[in-house]
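# Tertiary structure, described
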Amino acid sequence: MSNYAFFLAPRPNDLTPTHISWQPSVNAANHHTDRYANTELTVRRGQPFNITLYFNRPRQNGESLGFVTEIGPSPSESHRTRAAFNLSEAVGSGWSAAQGPSDSAAMNFTISSPANAVIGRYNLSLLVTSGNKIFSRYLGQFVLLFNPWCPGDDVYMSNENERQEYVLNENGIIFVGNARYIEARGWFYGQFQDLLNICLTMLDLSLYYRQDPAMDVARRGDPKYLGRVISSMINGNDNDNGVLLGKWQGSFHSHENPSRWDGSVVILKKWRQDNYRPVQYGQCWVFAGVMCTVLRCLGIPTRLVSNFNSAHDVDRNLSIDKYYDSSGRSLNISKDSTWDYHVWNESWFIRPDLGRSYSGWQVLDATPQEQSRGIFQCGPASVLAIKEGEVGLDYDTLFVYSEVNADCNRWIVYNDGTKKRVYCDTEIIGRSISTKAVGSNGRVDVTANYKYPEGSAEERRVYKKALAKILGTSVSEGRTDSPAGRPSETMRNPGIAGKFKLAEPPVFGKDINLILVLSNLSSDRKSVRVDMSASTILYTRRAVAEILKAATSVELGPKQGKHIRVKIPYTHYGKYLTTDKRIQVTALCEVLRTNGLKLLVEKTIILEDTNIIIKLPRRIVVNKAVSLEISYANPLPEPVSRCVLLVTLMNQQVKINLARLAPRERSKIYFEFTPRRVGPLQLQVDFSCDKFSHVKGFVTIAVAPA
């Protein structure tokens, strides 16, 4: 930041500022903005900042001073985008200024903004009044941000450790996988890496700004409004200037596979470099990571949250319907879906529009799933409102409630088009809702913030309350409506139970061995026909390719259990896997001579990658070169070539071309770098080759002072 800006006096006799000191070091330290890379003064609202003005001559009796702040294309006092205030005068806008200790050559001033001021880039001018003459002198620009340290700010957060985590931490953890196999993935938010101008430009490119620029800027002091605008801008579905386009299937050739990204900085800078055309491509964790960067950059405390078994309830009836044919193959005929995981954001601010009880964490989601009021945007939805089933409250509370608490119905579709509901699972949706711990890379389960315990009377009470608000009537406990609202037969209990068990951990590159365990729950003998199928799938559970189809029969004596072994060779699944590395196995078990009673058994398998191993020295010191050992492997029974290792530290990435690897071979390299600052640094490693891509590893490095 430049210490001085110079001005030319228009007339020698006028009191005129010749230059200004923004006191950048002191102001930035006081306002927790010292890590921003931009060169202009950046401060937080509701907190005073200091400037020093140098004049062409001493101030004389009868001369008074004041200031004007202006923001936006049409600043006005009625919109609170313009304020004029004299020294030691508190005006209705909440802006004020006071003169501190000064001398004949320089005057020190303290300027205070209101805690609810519009955020963004301001013009600051000096007003000089001498008799009946008023002169205005432009001083320069400064940026005003939200202030989680100010008790009067809507985003105020009282705990300093939480402020450090949710506002100032540039390193993140995203939890992916599924409810039974949760993995941690590193993400570099980089909110201080010369992104502030990009984030402010983003606001001026929104549909809200285009519709009414003056009103849009006037509302930027409201975090719930700003969060909603940003959720619409991170995706490019409505707006040619959105940051990211989403893509969940098909080829990513000539563009970036979403699994390629390790942080937000390169995405946002590429967006600017490409003249604000959407970057291709993103998926849910990428949208959430980028939105967290923007919100933290603007001063709103924000974190990422992963919801496992996340429902996408298109028809908004709190029911997720999935269909299978009579041999157990999944049918893609429902618009509803259940994702293995879905990642969104929570931001912290009060909700005076709903009542203070709904303040605190608010869900914001930039992934373009459904339109809200004509735009692909979601939230803010109060987490407490979601837990209490208040699905009519703003914004999009019904949609998020469904994501964490819809019921899940499974249907068999017969050749004549009739449907039978196999079962309704009231507990499967919304499992292990997770976020990063404050001050560590640990996982914190926040499921209890979103809903009462599954199976409890409170959870069912809230569910029926939410459903009644949708239907406008009271709701019985069990519904047997078909998705179209027509009565449909629910299949009777078949009297058998089943589940898939893995005989050994499923490792990418090896054969998969499962056991289907069937149990007869009755005292009668049962003959069971089993139709099994397996498909590679995406993390959204959409099928990619069928890799197994088999049928068998088994006799079960009274109370007897039997094991059916299933093998899926690598040669069957290898070339059909996506970077999600997921396989879904289904068994449709028909009890013969019972008029078609059936049991549906499903399991989603995530194949484990061979780990990237990063070995660190015991102590790493700032400004001293350090060497890391990074080992990587080929887990396949065949050689791989075109091997590439991407090593990313903060925003710096190094591409290393490697030799081909023999079957099952592990190799290693040494990577040297010099850390330039004290504190935690996240190092990320990405390994790709001709047979697979984007195997990830990361480590958080603690850099000690010299």
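These numbers come from a predicted model, not from an experiment.

### Focus on the overall build of the protein
- Tallying secondary structure elements over the protein gives 13 helices and 39 strands in all.
- Expressed along its principal axes, the backbone C-alpha trace of the protein runs to roughly 105 × 65 × 40 Å.
- Put simply, the protein has 706 residues, and 57% of those count as buried.
- Contacts in the protein between residues at least 24 apart in sequence constitute 67% of all its contacts with a sequence separation of at least 6.
- If you sum the accessible surface of the protein, you get close to 28,800 Å²; carbon and sulfur atoms cover 47% of it.

### Digging into the sheet that holds strand β21 (residues 407-413)
- With mixed pairing, four strands are arranged side by side in an open sheet as β17-β16-β21-β22. Every interior strand has two partners, whereas the edge strands, β17 (330-331) and β22 (419-425), have only one.
- Of the pairings in the sheet, the one linking strand β16 (residues 319-325) to β17 comprises two bridges and is antiparallel in character. Across the sheet, residue Y324 finds its bridge partner in β17, namely S330.

### As for the sheet that holds strand β15 (residues 302-312)
- One open sheet holds the six strands; their spatial order is β20-β19-β18-β15-β23-β24, and the pairing between them is antiparallel. Strands with a single pairing partner mark the edges of an open sheet, and in this sheet they are β20 (381-382) and β24 (443-445).
- Pairing geometry for strand β19 (residues 360-364) and β20, over two bridges, is antiparallel. When the sheet's bridge partners are listed, V363 is paired in β20 with A381.
- Here helix α10 (residues 397-405) sits on the sheet in contact with β15, β18 (337-349), β19, β20 and β23 (431-436), set at roughly 70 degrees to β15.

### Examining the pairing of strand β36 (residues 652-658)
- Pairing between strand β35 (residues 643-649) and β36: seven bridges, direction antiparallel. Across the sheet, residue L649 finds its bridge partner in β36, namely Q652.
- Hairpin connection of β35 to β36: two residues between the antiparallel strands, including M650 at a positive phi of 55 degrees.

### Structural notes on the environment of L548
- Tracing the sequence through the fold places L548 in strand β28 (residues 543-556).
- Those residues within four positions of L548 in sequence are excluded, and the remaining contacts are M532, S533, A534, V566 and I568.

### A short note on helix α2 (residues 160-168)
- When we look at burial in α2, the residues that qualify are R163, E165, Y166, V167 and L168.
- Those residues of α2 hidden inside the fold are in contact with β3 (41-44), α8 (284-297), β15, β19 and β23.
- Between the side-chain oxygen at the start of α2 and the backbone nitrogen of N161 there is a gap of 2.9 Å, and the oxygen is on N159.

### What about the UniProt feature "binding site: Ca(2+)" (unreviewed entry) in the protein?
- Per the UniProt record, "binding site: Ca(2+)" (unreviewed entry) is annotated on N405, D407, E454 and E459. The largest pairwise C-alpha distance within this set of annotated residues, which runs over 55 residues, is 11.8 Å, so the set is compact in three dimensions.
- Within the element layout of this structure, N405 appears in helix α10.
- Given the relative accessible area of 2%, N405 is considered buried.
- When near neighbours in sequence (up to four residues on either side) are disregarded, N405 contacts I429, K451, E454, E459 and Y463.
- Of note, E459 is situated in helix α12 (residues 457-471).
- On the basis of relative accessibility, which here comes to 1%, the residue E459 falls in the buried class.

### Some points on a positive patch on the surface
- On the surface, R180, R431, K499 and K501 cluster together to form a positively charged patch.
- If you trace the backbone, R431 turns up in strand β23.
- Exposure remark for R431: the relative accessible area of 33% places this residue in the partly exposed category.

### Points about the nonpolar core
- Membership of the largest hydrophobic core comes to 65 residues, with the highest contact counts inside it found for I234, W271 and L298.
- The element contributing the most residues to this core is α8, with 11 residues.
- Sequence-distant contacts of L298, that is, excluding residues within four places in its chain, are made with I119, L145, F146, L196, C199, L200, L226 and I230.
- One finds I496, I547, C689 and V695 within the second-largest nonpolar core, a separate group that totals 60 residues.

### Details of unusual backbone geometry
- Between Q280 and Y281 the backbone carries a cis peptide bond, its omega angle lying at 10 degrees.
- The topology assignment puts Y281 in strand β14 (residues 279-282).
- G379 connects to P380 through a cis peptide bond whose omega is 5 degrees.
- Backbone geometry places D396, a non-glycine residue, at a positive phi of 60 degrees.
- Of note, R593 is a non-glycine position whose phi angle comes to about 60 degrees, a positive value.
- Assignment of secondary structure puts R593 in the loop between β30 (582-591) and β31 (597-606).
- Relative accessible area serves as the criterion here: at 73%, R593 is assigned to the exposed category.

Each value, and the rule that gives it
Residues numbered from 1 in each chain as written. Predicted model: local features only at pLDDT ≥ 70, side-chain atom pairs only at ≥ 80, totals over all residues. Heavy atoms only, no water. Helix = DSSP H or I, 4+ residues; strand = E, 2+ residues; numbered from the N terminus. Buried < 20%, exposed > 50% of the residue type's maximum accessible area, 1.4 Å probe, protein only. Contact = heavy atoms within 4.5 Å. Areas by Shrake-Rupley, 256 points an atom, 1.4 Å probe, with all protein chains shown as cover. Pairing = 2+ DSSP bridges. Axes fitted to C-alpha atoms, helices over the stretch in contact; angles between N-to-C directions. Polar contact = N/O pair within 3.5 Å; in protein donor to acceptor, adjacent residues only side chain to side chain. UniProt positions renumbered as here; feature names shortened; annotations may be inferred. Patch = residues over 30% accessible without salt bridge, like charges linked within 9 Å, V, L, I, M, F, W, Y side chains within 5 Å. Salt bridge = Lys/Arg side-chain N within 4 Å of Asp/Glu carboxyl O. Lys, Arg positive; Asp, Glu negative; His and termini not counted. Charge placed at Lys NZ, Arg CZ, Asp CG, Glu CD. Core = buried A, V, L, I, M, F, W, Y, C linked by side-chain atoms within 4.5 Å.

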